[in-house]
Every structure is written in structure tokens, then in C-alpha cells.
Amino acid sequence: MDVSAADSPSILLVDDDRIHSRILRTRLEQQGYRVREAPSGNEGLDLARSLHPEVILCDWLMEGMDGLEVCWRVREDPQLASAYFILLTSRSQVQDRVRGLDAGADDFLSKPADPEELLARVRSGLRLHNANEQLRVLSQDLQQQKARLDGELAEAARYVADLLPKPLESPSVRIDSLFCPSSQLGGDGFDFLWLDDDHLLLYLLDVSGHGLAAALPSISILNLLRSGGIDLDPERPETLALALNRLFQMEGQEDRYLTLWCGIYQPSRRELRYTSGGHPPALLFPMPGMAGELLQLSTRGMAVGLFDDSIYRQASVAVPPGTTLLVYSDGIYEVSRPNGEIWNLPAFIDGMDANEIAAGDGLERLVQRVRRLSGCICFTDDYALVRARFL
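Since this is a predicted model, take the numbers as computed values, not measurements.

Q: Could you give an account of the confidence of the model for the protein chain, naming the residues involved and the relevant values?
A: Reading predicted coordinates in detail is not appropriate for stretches of low pLDDT. With 97% of its residues at a pLDDT of 70 or more, the protein chain shows a mean pLDDT of 89. No element of the protein chain has a lower mean pLDDT than helix 4 (residues 94-103), which averages 84, and none a higher one than strand 11 (residues 271-277), which averages 98.

Shown next, in the form of C-alpha cells:
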């Protein structure tokens, strides 16, 4: 079928055999194709760079630059790489075809070319070229969409980072934190704020999953607490777990749930009351150099959002001067080791050092210690660390 002038594809003939080239050109132009000729490899490359043809028919054996080198150079040029390249050759050995394919040829046509076979191979090449062009355009569109999405996610990540609390310093306690999402956004969230002059709330939660869907509930909870949207009893940290369990049942949150550790510190009594739901235990370190045990603070409640009738209880512990509290999410210890095994919580706790935790750069030291002890190359999950040093 003839090709309409409006859609006429461009074909480049590179052949130093003028008679053979003219025969091929005539046959192709009869079908409506736009055809240009080049009598040598160098001229063929120059024409290809100016025309950007859909199909290149190139003789293998030519004086100077042969067809293999022309093919290799075409494939090296990003502007020409999508052209369908047919080598014209009288060679029929398998090893010759292998050399041509290795150079980047898409197809072969025996010389002298049969007119019907010529047209069939050109039509086949044009179909593949057009399909590849459609894929290229689609890929560019997807890359542009991804770039826009990455920009929006980066903006959202900056918003989340701005929401996270700044270090807190008071006469009774100093609190700092470290947060590292596995992607631009993560499901870990935390905060520490005074409920009144004698009650300091500190919590860390981990929403299941990753990305925006996990970050949104975390942000919602942070904003609710800061705005007073959750009725919280300063004497009872479990009221936070109970309230969140009512508000964030997983069937209404795309089957997402969250783990939570929550504590309320009362400086006048030097007492920390706490509750937890599905979260790893917070660690209370004795003052460095002083006798005392590392305490694991957990009340073993269910993860928040699993069951609407979940029960959460509180416990309390005395907080002597010089002790340090560490609250963390499981991403800091659930890491892959070089042998494929997953490091675990007992190994993480056994590897803690009270002196390092209490140091000014204790959280950074902790991350480096985890890398050293576990052999972890990179963290695959979000992790958050909150440290409170009691004065």
C-alpha cells in the first residue's frame, strides 16, 4: 500500500554501488517513501544527523568506513539510536550475522535485494520504529510525571520536617530527636510538649506502611494533639492510646494500624508514667558510671487500630537525676545483615551503651553503633529516635 505524502517516512540509503542504490531508491519512492542517498559511510553519517531517518539501509562492504562502523556510530549517537538499521550484504555465514547484530544492526537484506523483500523489511522496520517512538514518548511523559511527583513529595517532606519538634531544653529535662524516612515520607511520628507546668508529654508512633499513605495519619495525630483536638488526661498516658484507637480503626484507614509508646513526665515527683501499644519498649538508662539496670518500659498493649475494644494500661517509674530515656521505632533494629538474616531487638538492646547514649552526639553514635554491630549497609525502613535526658 502506498504511503501518503503527509505521513511519508524518511529512509536513508548508504551504498557506494550507485546502480544498486538507484534501483532501491526508485522502488521505495514508488511506495511514497522519502529517500536520500549517500555514496559513503562518512556522508551517510552526516546525512543521518541532519535528516534523522526512521530507517537506514546501509551496505556492509564499502570503501573507507564500512557498514559495521556506520552502524556502530549510529547506535552511539542518542539522536540516531532509534533508527531501524538494515545491513545490505551478500554474506550469509552465521558468524557474519552475529558480527552485524553485535554492531547494532536490526535486520539484514541480501544483495541484490529482492524488491518485495525490501519493502516487507522496510515496513517491518517502520512498525518497530514507530512502536519504539511511542514507548520513548510515553517514557518521557512518565519521567516528567515522576519529576513532578518527586517535587511534590519533596515539598511534603519539607512540610513534615518543619512539623517535627525542635530540641527542648528546660531546668528538668532536655530532649532531642533524630528521624530518617526510608523514602521522602514515612509513617514515623513523634512529639514532646508541655501539657501544663508539671506534665510533659512524649510519644512516638509508627504507622504501618510507607510513603504518603503512612505519613498522613502520623501528621494528623501530631496536629490533633498540638491543637488540643484529643482530650488527654495529664495523669493518664493511656488515654492517648484509647483515643487514637477510637479515631484510627484500621477498617477506616485502608487497613493501616499504628504502634505507640507514650509517656508523661512529672518533674515535681520525678515520675514517668507510660503506656504502649505494639511498640518496642522504651529504654531507661542509669546515669553513666552509676550502678543500676537498664530498664525496658512497656505495658504490652495491642497495636492501635486493630480492635475497637483494646485495653491500654499505664505503668510508672521513678526517674533519678542523670538518667536517659530512649524511645525508638523498629526501623532502627529490623535491618538486614550481610548474611541475609534480620538483626533483632534483643541484639539491639544488648548493644546499647549508656555512656554513648548520654553523650551530646549520642543519637548519631547510636546509629553508627547499629551499623557496626549489625553490619547494616543501609536502613530499609523509617526510623525515629527520641532521647530525653533528665536533670
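Q: Explain the pattern of salt bridges residue by residue, including any values.
A: Under the defined criterion, the tally for this structure stands at 21 salt bridges. Where Arg22 meets Glu37, a salt bridge forms, and the shortest distance between an N and an O atom there is 3.4 Å. Placement of the pair is Arg22 in helix 1 (residues 18-30) and Glu37 in strand 2 (residues 34-38), with a sequence separation of 15 residues. The closest approach of N and O atoms between Lys111 and Asp59, which form a salt bridge, is 3.2 Å.

Q: Please set out the sheet that holds strand 1 (residues 10-14) residue by residue, giving values where relevant.
A: Adjacent strands of a sheet form backbone hydrogen bonds with each other and so pair up, either parallel or antiparallel. Strand order in the open sheet formed by 5 strands is 2-1-3-4-5, with parallel pairing between adjacent strands. Because the sheet does not close on itself, it has two edges, and the strands there are strand 2 and strand 5 (107-110). Here the average twist between neighbouring strands, direction ignored, is 20°. Sitting on the sheet, helix 2 (residues 41-51) touches strand 1, strand 2 and strand 3 (55-59), and the angle it makes with strand 2 is about 145°. The strands touched by helix 3 (residues 67-76) within the sheet are strand 3 and strand 4 (84-89), with strand 4 carrying the most contacts at an inclination of about 175°.

Q: Can you break down the sheet that holds strand 6 (residues 168-169) residue by residue, with the values?
A: Spatially, the 6 strands line up as an open sheet ordered 6-7-16-15-12-13, and their pairing is antiparallel. At either end of the open sheet lies a strand with only one pairing partner, and these are strand 6 and strand 13 (295-297). As judged from the 2 bridges shared by strand 6 and strand 7 (residues 173-180), these two strands associate in the antiparallel manner. Residue pairing in the sheet places Glu169 in a bridge with Arg174 of strand 7. Where helix 10 (residues 362-374) meets the sheet, it contacts strand 7, strand 15 (324-328) and strand 16 (383-390), and its direction lies at approximately 135° from that of strand 16.

Q: Could you give an account of a negative patch on the surface, naming the residues involved and the relevant values?
A: Negative charge collects at one region of the surface, where Glu251, Glu254, Asp255, Asp308 and Asp309 lie side by side. Looking at the element boundaries, Glu251 is found in the loop between helix 7 (238-247) and strand 10 (258-266).

Q: Describe the packing of aromatic side chains, with residues and values.
A: In the structure shown here, the tally under the stated rule is 7 aromatic pairs. Residues Phe179 and Phe190 carry aromatic rings whose centres are separated by 6.4 Å and whose planes lie at 65° to one another, so their mutual orientation is edge-to-face. In this pair, Phe179 sits in strand 7 while Phe190 sits in strand 8 (residues 188-196), placing the two residues 11 residues apart along the sequence. Between Trp261 and Tyr274, the aromatic rings sit 5.9 Å apart at their centres with planes inclined by 15°, giving stacked as the arrangement. Of this pair, Trp261 sits in strand 10 while Tyr274 sits in strand 11, and the two are 13 residues apart along the sequence. One aromatic cluster in this structure is built from Tyr328, Tyr333, Trp343 and Phe348.

Q: Explain the nonpolar core residue by residue, including any values.
A: Counting 28 residues, the largest nonpolar core has Leu201, Tyr203, Ile221, Leu225, Leu240, Leu244 and Leu260 as the members making the most contacts within it. Those elements that provide at least two residues to this core are helix 5 (115-163), strand 9 (199-207), helix 6 (211-226), helix 7 and strand 10. Broken down by element, the residue count for this core peaks at 6 residues, all from helix 6. The residues contacting Leu201, other than those within four sequence positions of it, are Asp191, Phe192, Leu193, Leu195, Leu225, Leu232, Cys262, Gly263 and Ile264.

Q: Summarise the packing of helix 1 against helix 5; cite the residues concerned and give the values.
A: It is the contact of helix 1 with helix 5, at a shortest axis distance of 11 Å, that shows an interaxial angle of 60°. In terms of orientation, helix 1 lies oblique with respect to helix 5. The element helix 1 and its partner helix 5 pack so that their crossing is right-handed. Contact residues: Leu24, Arg27 and Leu28 in helix 1; Pro115, Glu116, Leu118, Leu119 and Val122 in helix 5. Class assignment of the residues belonging to the contact of helix 1 with helix 5 gives a composition of 6 nonpolar, no polar and 2 charged.

Q: Outline unusual backbone geometry, listing residues and values.
A: Cis geometry is found at the peptide bond from Lys111 to Pro112, where omega equals -5°. By secondary structure assignment, the location of Pro112 is in the loop between strand 5 and helix 5. Phi is positive for His52, close to 50°, though the residue is something other than glycine. Unlike most non-glycine residues, Arg270 shows phi in positive territory, near 50°. Summarising the element assignment, Arg270 is placed in the loop between strand 10 and strand 11.

What counts and what doesn't
- Residues numbered from 1 in each chain as written.
- Predicted model: local features only at pLDDT ≥ 70, side-chain atom pairs only at ≥ 80, totals over all residues.
- Heavy atoms only, no water.
- pLDDT = per-residue confidence, 0-100.
- Helix = DSSP H or I, 4+ residues; strand = E, 2+ residues; numbered from the N terminus.
- Salt bridge = Lys/Arg side-chain N within 4 Å of Asp/Glu carboxyl O.
- Pairing = 2+ DSSP bridges.
- Axes fitted to C-alpha atoms, helices over the stretch in contact; angles between N-to-C directions.
- Contact = heavy atoms within 4.5 Å.
- Patch = residues over 30% accessible without salt bridge, like charges linked within 9 Å, V, L, I, M, F, W, Y side chains within 5 Å.
- Areas by Shrake-Rupley, 256 points an atom, 1.4 Å probe, with all protein chains shown as cover.
- Lys, Arg positive; Asp, Glu negative; His and termini not counted.
- Charge placed at Lys NZ, Arg CZ, Asp CG, Glu CD.
- Phe/Tyr/Trp six-rings, centres within 6.5 Å; stacked < 30°, edge-to-face > 60°.
- Core = buried A, V, L, I, M, F, W, Y, C linked by side-chain atoms within 4.5 Å.
- Buried < 20%, exposed > 50% of the residue type's maximum accessible area, 1.4 Å probe, protein only.
- Parallel < 35°, antiparallel > 145°, perpendicular 65-115°, else oblique.
- Left-handed = near helix turned anticlockwise from the far one by under 90°.
- Nonpolar A, V, L, I, M, F, W, Y, C, P; charged D, E, K, R; others polar.

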